[in-house]
Amino acid sequence: MSVTTVPLRPVSKSGLWLMWFGLLALLVAGAALAWHTRLQNFEVVKAGEGASPTDGDVVLIKYTGRLGDGMVFDQQEQAPMPVNGVVPGFSEALKKMQKGGKYKITIPPEKGYGAEAKGPIPANSTLYFDVELLDFRSEAEVRAMQQQMQQMQQQQMMQGAPGGAGPDGPPLGAPQP
C-alpha cells in the first residue's frame, strides 16, 4: 500500500490576518446573539407536545401578567388571541410553545410596550407572564368555526319565529292542548 503525500502551500501573513479577522467577527456575532436572546427570558415549566403556533394562528391560553413589583395587571383562564396581534416579545414566546405546555416568560420594555404606558402598565416596564398554551388553530379554522356558529344561531332564531317551533316544541301561536 502506498501513501501519497500532498504538499501544503505555506499560508501567507495576509491569509492569517483574514483568518483571525473572520474568527473575531464570528465571536462578535455570537456575543451579539447571546446578548439579544438574553433580553427575553423563556423558561419551560412543563413541556408541551406537538407543533408550535405560527404568525397565522390564533391561540387559546391561560395566563397571568405581572409587573416587576408583583402586581397582577391581567389574568385570564381562557383567552383567545392572534399570535401576530400581541406585543413582539409575547408573539416570539408563543411561537416557541407547544400545546399543553406551561411557561414563564419575561418581556423587556423594548419587546413589550416600550416608552408607552398601557392601562395599569407603566412606561418602560418589564413584563412577567405565566402562560399555559391550551390550544391553537389557524385563523382560517377559527373563521370557519365562527361562521358555523352564526349559521346555527340564525337557524335557532328562525325556529323561534312565527310559524316555527317554539323553544318547548309546538309552533308559536298554535292552540295549546
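A brief report on the enclosed structure follows. Since we're looking at a predicted model, the values are computed, not measured.

**With respect to the nonpolar core**
Counting residues in hydrophobic clusters, the biggest one holds 22 residues, and the most contacted among them are Val 59, Ile 61, Phe 90, Phe 129 and Val 131. Listing elements by their share of this core, those giving two or more residues are β2 (57-66), β3 (72-82), α2 (88-94), β4 (102-107) and β5 (127-138). The biggest single contributor to this core is β5, with five residues. Discounting chain neighbours no more than four positions away, the residues touching Val 131 are Ile 61, Lys 62, Tyr 63, Phe 90, Met 97, Gly 101, Lys 102, Tyr 103 and Ile 105.

**Topic: the pairing of β2**
A large share of β2 lies buried, amounting to seven of its 10 residues. In the sheet, β2 pairs with β5 via 10 bridges, with the strands oriented antiparallel. Pairing of Asp 57 across the sheet is with Ser 138, part of β5. Where β2 hands over to β3, the hairpin turn is made up of five residues, of which Gly 70 adopts a positive phi near 95°.

**Looking at the environment of Val 131**
Turning to its location among the elements, Val 131 is positioned in strand β5. You can call Val 131 buried: its relative accessible area is 3%. For the pair Val 131 and Ile 61, spaced 70 residues apart in sequence, the C-alpha to C-alpha distance is 6.7 Å.

**Looking at the pattern of salt bridges**
Applying the stated rule across the entire model yields 10 salt bridges. The partner of Lys 95 in a salt bridge is Asp 55, with the nearest N and O atoms 3.0 Å apart. Of the two residues, Lys 95 is situated in the loop between α2 and β4 and Asp 55 in the loop between β1 (41-46) and β2; the sequence distance between them amounts to 40 residues. Lys 95 gets classed as partly exposed once you look at its relative accessible area, which sits at 33%. We classify Asp 55 as partly exposed; its relative accessible area is 39%. Note that Lys 99 is salt-bridged to Asp 135, the shortest N-O span being 3.0 Å. Of this pair, Lys 99 sits in the loop between α2 and β4 while Asp 135 sits in strand β5, and the two are 36 residues apart along the sequence. Since its relative accessible area comes to 39%, Lys 99 is described here as partly exposed. Connected through shared salt-bridge partners, Lys 99, Asp 135, Arg 137 and Glu 141 make up one network.

**Some thoughts on the sheet that holds β5**
If you walk across this open sheet you meet the five strands as β1-β4-β5-β2-β3, and the pairing is antiparallel. For this open sheet the edge positions go to β1 and β3, each flanked by a neighbour on one side alone. Across the sheet, the axes of successive neighbouring strands diverge by a mean angle of 25°, strand direction being ignored. Across six bridges, the pairing between β4 and β5 is antiparallel. Its bridge partner being in β5, Tyr 103 is matched across the sheet by Val 131. Of the strands in this sheet, β2, β3 and β5 are in contact with helix α3 (residues 139-160), which crosses β5 at around 70°.

**As for unusual backbone geometry**
The backbone phi angle of Asn 124 is positive, close to 55°, even though this residue is not glycine. Structurally, Asn 124 can be placed in the loop between β4 and β5.

Thresholds applied
- Residues numbered from 1 in each chain as written.
- Predicted model: local features only at pLDDT ≥ 70, side-chain atom pairs only at ≥ 80, totals over all residues.
- Heavy atoms only, no water.
- Core = buried A, V, L, I, M, F, W, Y, C linked by side-chain atoms within 4.5 Å.
- Buried < 20%, exposed > 50% of the residue type's maximum accessible area, 1.4 Å probe, protein only.
- Helix = DSSP H or I, 4+ residues; strand = E, 2+ residues; numbered from the N terminus.
- Contact = heavy atoms within 4.5 Å.
- Pairing = 2+ DSSP bridges.
- Salt bridge = Lys/Arg side-chain N within 4 Å of Asp/Glu carboxyl O.
- Axes fitted to C-alpha atoms, helices over the stretch in contact; angles between N-to-C directions.

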